[in-house]
Amino acid sequence: MTEDSIEQMAEWYRRQRVKELTTGPAAGMLLLLQGNPTLLDPAPAEFGPEDIDHRRLHEDHPCLRCGKRAQVAYVNCLELGNRWLDLCAACDLWMRRPLS
Ligand SMILES: [Zn+2]
């Protein structure tokens, strides 16, 4: 993975005001996923908050970490295109948890 794609992803998260996702364990998880991004469903090239809400509220996707029904959706902007990252509430908390 290149510096560019890390920067791209970090910029998207900054714009989405979820800065904590670019640091700590979340960054590690995202790097892991980027090692095998085909694990993630393709996301639309153009997307807005309504697309994210539709996916998390009206569609049924397994949490990437534990397999339970996902309640949170993120879009990762990767070199091979945008990919969904689906998490249940517990794993979302886990991902956002700062290193202790
Ligand atoms: Zn989970």
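Residues numbered from 1 in each chain as written. Predicted model: local features only at pLDDT ≥ 70, side-chain atom pairs only at ≥ 80, totals over all residues.

## A short note on the overall build of the chain
Thinking step 1. When helices and strands are counted, the chain shows four helices and two strands.
Thinking step 2. The N-to-C order of helical and strand elements in the chain reads α-α-α-β-β-α. (Helix = DSSP H or I, 4+ residues; strand = E, 2+ residues; numbered from the N terminus.)

## Considerations on the pairing of strand 1 (residues 72–78)
Thinking step 1. Sheet analysis places strand 1 next to strand 2 (residues 81–87), joined by seven bridges and oriented antiparallel. Bridging across to strand 2, Ala 73 finds its partner in Asp 86.
Thinking step 2. Hairpin connection between strand 1 and strand 2: a loop of two residues separates the two successive antiparallel strands. (Pairing = 2+ DSSP bridges.)

Keep in mind that these numbers describe shape and distance, not what the molecule does.
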